[in-house]
Structures are given as C-alpha cells and as structure tokens.
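# Tertiary structure, described
The primary structure of each chain is shown beneath.
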Amino acid sequence: MAVASSSSTALISAALPEKGAMRLATQLLLAVAGSLLLIASAKTKVMLGPVDMSLQTLAVLGIAAAYGMRLGLATILLYMAQGAMGYPVFQSTPEKGLGLAYMLGSTGGYLAGFVAMVAIVGWAVDRGWGRSIVKMLGAMLVAEVVMMAMGFSWLSLLIGAEKSWQFGVVPFIVPDLIKVALAAAAVPAIWALLPKKG
C-alpha cells in the first residue's frame, strides 16, 4: 500500500518514483529518515530565556510541508510508535525511555498535537498551498494553534488551567511563531528553486 499520492504537490513528490515497489521502498526510507529527524530535533535544545526549546515544532512543520499529509502522517505515527515502545525519542525521556507512561504525561497533548499539525499542513500542501507564503503561513498558524490548544487542554487536566497557560503556552508563543514564520517562508522559497515541469 502506498503512503503518498502520486498527484501530491508536496516537495518530495518530484523525487518519488511514479509507482511500484521502488516508490514504496522510497516512502518507507523517507518515513524512517523523517522519524530520525524528529528524534534529533527533540534532543536539540535552544535556550531562550528561562525555557529551553527544542527544534521539534520546526521539524514537524518541515516534514508535513515536504512530505504531504499521507507520508507525513505515516512518519509522525512511526515516531510516536517508537516512543510508545519505550525508545528515548522524546525531548525529556530518560535514556531507557518510558513508553506510554511518558506519552500520557504532561507532554501528551502536545505529542497528539503534532499529529494534528502534520494533518493540517500536509492537507494544505497537498492542495498546492506550499507555493504561496500567505497560504502556507495561514495553514501553519492554524496548525500551531491547534497543537497548542491540545497541549494546553491535556496539561490543564493534570496541573490546572492557570499553570498550564503560564508554563505550557506563554513561554512558547514567540519561539513557536518564529519557527512557523521560518517554515512558512522556506517552503515557497524551495519551490521557487526547483525546476519547473515542462
């Protein structure tokens, strides 16, 4: 079963074989590579004031924009499966990982939100929005708001709405908006560099 449509307008679509076993093998390789990128981005921390940020939101947006919805979802779900099996793939998991226990903890809503982000941005890209910075920015902002809302809602159940807002949303607003802007600007710029199909 193929995991991306041959008519996709995702960035990677130009490099995928048209059909057959080679296409499926390429998609599987891309999903594994994408999951490795997600792991690396989760472990890469950037200090911005009192809060350390990972580059994961940027990686999630980039994978959704590059892969489109179906291959993007396959990639993020592979990453989640690795975490559920206990591998230390998430930002703060210890060396031995904690599997589902970690996923149901304070970051659970944000992890689920990443899946929603990929679906939203991937859907937009599959419809050609990746060629327009305005449309891409709009889709990525919606995806960001949905992810933050899911994270906030889950965290509120664990520590209350006030603390959830103070510690789970506010410190991330500006850094995440910067990541959204970078990703939204990069996608049309990359499309502009690619050769036009005759």
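Residues numbered from 1 in each chain as written. Predicted model: local features only at pLDDT ≥ 70, side-chain atom pairs only at ≥ 80, totals over all residues. Heavy atoms only, no water.

### Considerations on the confidence of the model for the protein
Reading predicted coordinates in detail is not appropriate for stretches of low pLDDT. Here is the rule: A residue's pLDDT is the predictor's confidence in that residue, given on a scale from 0 to 100. We call two residues in contact when some of their heavy atoms are within 4.5 Å.
In the predicted model, the protein carries a mean pLDDT of 87, and 89% of its residues have values of at least 70. Taken as a whole, residues 1-7 scores under 50 in pLDDT and shows 17 contacts with residues more than four places along the chain or in a different chain.

### Examining the packing of helix 5 (residues 133-159) against helix 7 (residues 173-193)
Stated precisely, the cut-off is as follows: Comment: axis = line fitted to C-alpha atoms, over the contacting stretch for helices; angle = value between 0 and 180 degrees taken between N-to-C directions. Strands here are runs of E lasting at least two residues and helices are runs of H or I lasting at least four, both read from the DSSP assignment and numbered beginning at the N terminus. By definition, any crossing whose near helix is turned counterclockwise from its far helix by less than a right angle is left-handed, and any crossing with a clockwise turn is right-handed. Under this grouping Gly is polar, as are all residues other than the nonpolar Ala, Val, Leu, Ile, Met, Phe, Trp, Tyr, Cys and Pro and the charged Asp, Glu, Lys and Arg.
Two elements in contact, helix 5 and helix 7, have axes separated by 9 Å at closest approach and are oriented at 145 degrees. Along this stretch, helix 5 crosses helix 7, giving a crossing that reads as right-handed. Contact residues: Ile 133, Met 136, Leu 137, Met 140, Leu 141, Glu 144, Met 147 and Met 148 in helix 5; Asp 176, Leu 177, Val 180, Ala 181, Ala 183, Ala 184, Ala 185, Val 187 and Pro 188 in helix 7. Of the residues that constitute the contact of helix 5 with helix 7, the class distribution is 15 nonpolar, no polar and two charged.

### Some thoughts on the UniProt feature "transmembrane region" (unreviewed entry) in the protein
Basically, it comes down to this: UniProt positions are given in the numbering used here, feature names are shortened, and annotations may be inferred rather than shown by experiment.
According to UniProt, the positions carrying the feature "transmembrane region" (unreviewed entry) are residues 27-46, 58-80, 100-125, 137-157 and 177-194. With 85% helix and 0% strand, the stretch residues 100-125 has end C-alpha atoms that lie 31 Å from each other. Across residues 137-157, the secondary structure splits into 100% helix and 0% strand, with the terminal C-alpha atoms separated by 30 Å.

### Points about the layout of surface pockets
Empty space left among the atoms is revealed by rolling a probe the size of a water molecule over them. We apply this condition: Think of a 1 Å grid over just the protein atoms. A cavity is a set of points where a 1.4 Å probe fits yet cannot get out, a pocket is an open set with protein on both sides within 12 Å along at least five of seven lines, and lining residues have an atom within 4 Å of a point. Grid points are joined across faces, edges and corners, and a volume is the space filled by probe spheres set on the points.
The space that makes up the largest pocket amounts to roughly 520 Å³. For the lining of the largest pocket, the leading source of residues is strand 2 (residues 51-54), giving four residues.

### Considering the packing of helix 2 (residues 56-84) against helix 4 (residues 108-126)
To keep it simple, the criterion reads: Note on angle classes: values under 35 degrees are labelled roughly parallel, values over 145 roughly antiparallel, values of 65 to 115 roughly perpendicular, and the remainder oblique.
As a packed pair, helix 2 and helix 4 sit with axes 7 Å apart at the nearest point and diverge in direction by 100 degrees. It follows from the interaxial angle that helix 2 and helix 4 lie roughly perpendicular. Of the residues assigned to the contact of helix 2 with helix 4, the class counts are 18 nonpolar, five polar and two charged.

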